[in-house]
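# Coordinate inspection notes
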Amino acid sequence: MAKEVNTIGVLTSGGDAPGMNAAIRAVVRQALAKGKKVKGIKKGYAGLLAEDIVDMDSKSVSDIISRGGTILQTARCLEFKELEYQQKGAEICKKHGIDGIVVIGGDGSFQGAQKLARLGINTIGVPGTIDLDIACTDYTIGFDTAINTAMEAIDKVRDTSTSHERCSVIEVMGRGAGYIALYCGIANGSEEILLPEKYDHDEAALIERIKEGRKNGKEHYIIINAEGIGHSQELAEKIEKETGMETRATILGHMQRGGNPTCMDRVYASAMGAYAVDLLDEGKSNRVVAYKEGKLVDFDIEEALSMNKSVSEYLYKVAKDLV
Ligand code: ADP
Ligand code: F6P
C-alpha cells in the first residue's frame, strides 16, 4: 500500500536556474492546498546534513515567482555521494518528520534523491538546470531564461563585432552539452556553432571558412562556442594569427544563470512543482517529473538516468543551412 506523505521537504541542488523559485512556490502552495506541512531545506544536500531546515507557509513564498536564483540557496555536496552521509540525511529527514522530498536540480541531484528513496524517504525529482541536459525531459527549468539572456548578450557583441569588422568567439555555458550553444547559434544567426556533440576538431577548416567569409564580404564572423569545447581565448588568438582578422573572445559565464525567469520558465516550473506534490500525494516515490511530447509525465529515476539525449540533427542542420 502507498505510504501517506504528511510533511514534504523541498530543496534545490546543483547549479541554480531561473524558475527554481517558481517551482519552490508551487511545491509549497500545492502541498498546503492538500493539507500537508512543508519544510524548506536550505543549500541542497549540504543543508540537509547541517539540519538547515525551516518551516514554510504560504507567505514564505510570496513575491518570489519573478525572481531568479533560489530562495533556498543551493550547493554541491560531495559527501552526499557516500552511503554514510545518505543514511545520515535520511535519519535527519525522519527526525524532522519529513516523509517526502521534492528535489529540484539536475541528474546529479536526482542520484541523491534516488539514494534517499532507497532509505525510505519518498522522493520526486524536478528538472532544474539551464543546460537542458536531462535525457528524460524535453524541458528543464531555467533553459528558456538562459538562452534569452545569452541571446541578448550575443546581439550586443555582434553590434560591436560588425562595427570593427572582427571575428568574435563567444562561449556559452552548458557543461558537456551543446543545447544553449545550438539555440543561440540559430537565434543569433551565428556563422559557426561549435558543439561538444558535433565538434570535429578541424580548426584548419574553420580558419579556411573564416578567410572565405572575409573574401565574400562578411563584416563580422560570430562563432558560438560551447563551454564543453572551451579554450575560447586560445582559439581567438589562433584565428587572429592565421586569418589576420582581429578576433576577441567573450565568455558569457554566470550571467546566464541569473535574472528574472521568462514566462515559459515560470509556467513550467509552477506546473512541474505542483505535479511533484501530486505524485507524493499519490504515494509515489523515486520518480522524476518530465515534459515529453507536450505532456507532463514521470519516470522512475533509474530509468530516467539511463536514458541518452543528443542534440537535434534537424536543428543542427538548419543552423548550418541558414548561414
Ligand atoms: P546537477 O544536479 O545539476 O546535475 P551536480 O552533478 O553537481 O549537479 O549534483 C548536485 C549534487 O547532487 C551533488 O553535489 C551531490 O550532493 C548530489 N549528488 C550527485 N551525484 C550523486 C550521487 N551519485 N549520489 C548521491 N548524491 C549525488
Ligand atoms: O549546470 C549549470 C552550469 O551553469 C553549467 O552550465 C556549468 O558548467 C556549471 O553549472 C558551472 O558551475 P559553477 O557555478 O560551479 O561554476
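Notes on the structure in this doc start here. Along each chain, residues carry numbers from 1 onward, in the same order as the chain's sequence is written. Chains and ligands are labelled sequentially in the order written, the chains with letters from A and the ligands with numbers from 1. Where local features are concerned, this predicted model is filtered to residues with pLDDT of at least 70; where side-chain atom pairs are given and counted, the filter is 80 or more; whole-chain, interface and lining totals use all residues. Side-chain metrics in this entry use all non-hydrogen atoms of the structure; hydrogen atoms and water are not considered.

## Considering the sheet that holds strand β7 (residues 192-194)
- Here 4 strands make up an open sheet; going across it, the order is β7-β8-β6-β9 and the pairing parallel. Each end of this open sheet is capped by a strand with a single partner; those strands are β7 and β9 (247-251). On average, each strand axis in the sheet is tilted by 15° relative to the strand beside it, whichever way the strands run.
- Direction of pairing for β7 relative to strand β8 (residues 221-226): parallel, over a ladder of 3 bridges. The pairing criterion for strands is at least two bridges between them, as found by DSSP. Here a helix means four or more residues in a row that DSSP labels H or I, a strand means two or more in a row labelled E, and each is numbered from the N terminus. Each axis is a line fitted through C-alpha atoms, taken for helices only over the stretch in contact, and angles between the N-to-C directions span 0 to 180 degrees.

## Let's talk about the packing of helix α5 (residues 143-163) against helix α6 (residues 179-187)
- Running from amino to carboxyl end, α5 crosses α6 at an angle of 50°, the nearest separation of the two axes being 9 Å. Here α6 runs oblique to α5, going by the angle between their axes. Between α5 and α6 lies a crossing whose hand is right-handed. Contact residues: Phe 143, Ile 147, Ala 150, Met 151 and Ile 154 in α5; Tyr 179, Ile 180, Tyr 183, Cys 184 and Ala 187 in α6.
- For the contact of α5 with α6, the per-class residue count stands at 10 nonpolar, no polar and no charged. Roughly parallel covers angles under 35 degrees, roughly antiparallel covers those over 145, roughly perpendicular covers 65 to 115, and oblique covers all other angles. Crossing handedness is read from the near helix: turned anticlockwise from the far helix by less than a right angle, it gives a left-handed crossing, and turned clockwise, a right-handed one. We call two residues in contact when some of their heavy atoms are within 4.5 Å. Only Asp, Glu, Lys and Arg are considered charged, only Ala, Val, Leu, Ile, Met, Phe, Trp, Tyr, Cys and Pro nonpolar, and every remaining residue, Gly among them, polar.

## What to know about the site of ligand 2
- Around ligand 2, the neighbouring residues are Arg 76, Thr 129, Ile 130, Asp 131, Met 173, Gly 174, Arg 175, Glu 227, His 254 and Arg 257.
- Polar contact criterion, stated in full: a pair of N or O atoms within 3.5 Å, where within protein one must be able to donate a hydrogen and the other to accept it, and residues adjacent in sequence count only if both atoms are side-chain atoms. Between ligand 2 and Asp 131, the relevant distance is 2.7 Å, taken from an oxygen atom to a side-chain nitrogen or oxygen of the residue.
- Contact distances for ligand 2 include 2.9 Å between an oxygen atom and a side-chain N or O atom of His 254.
- Note that accessible areas follow from Shrake-Rupley with a 1.4 Å probe, and for residues the cover is restricted to the protein chains shown. Within the complex, the protein chains bury 76% of what would otherwise be the 400 Å² of accessible surface of ligand 2.
- Its residues placed into classes, the shell around ligand 2 shows 2 nonpolar, 3 polar and 5 charged. Each residue is tested against the molecule or strand, and it is near if at least one of its non-hydrogen atoms lies within 4 Å.

## Overview of the pairing of strand β2 (residues 37-41)
- A simple rule labels every residue: compare its accessible area, found with a 1.4 Å probe on the protein chains alone, to the largest value its type can have, and call it buried under 20%, exposed over 50%, or partly exposed in between. The buried fraction of β2 amounts to 4 of the 5 residues, a majority that puts the element mostly inside the structure.
- As defined by bridge partners, strand β1 (residues 7-12) adjoins β2 across 4 bridges and the pair is classed as parallel. Across the sheet, residue Thr 7 finds its bridge partner in β2, namely Lys 37.
- Note on handedness: a crossover is taken as right-handed if, strands pointing away from the viewer, the path from the first strand over the helix to the second is clockwise. Traced from β1 through helix α1 (residues 20-33) to β2, the parallel crossover comes out right-handed.
- Relative to strand β3 (residues 53-56), β2 is paired through 4 bridges, and the arrangement is antiparallel.

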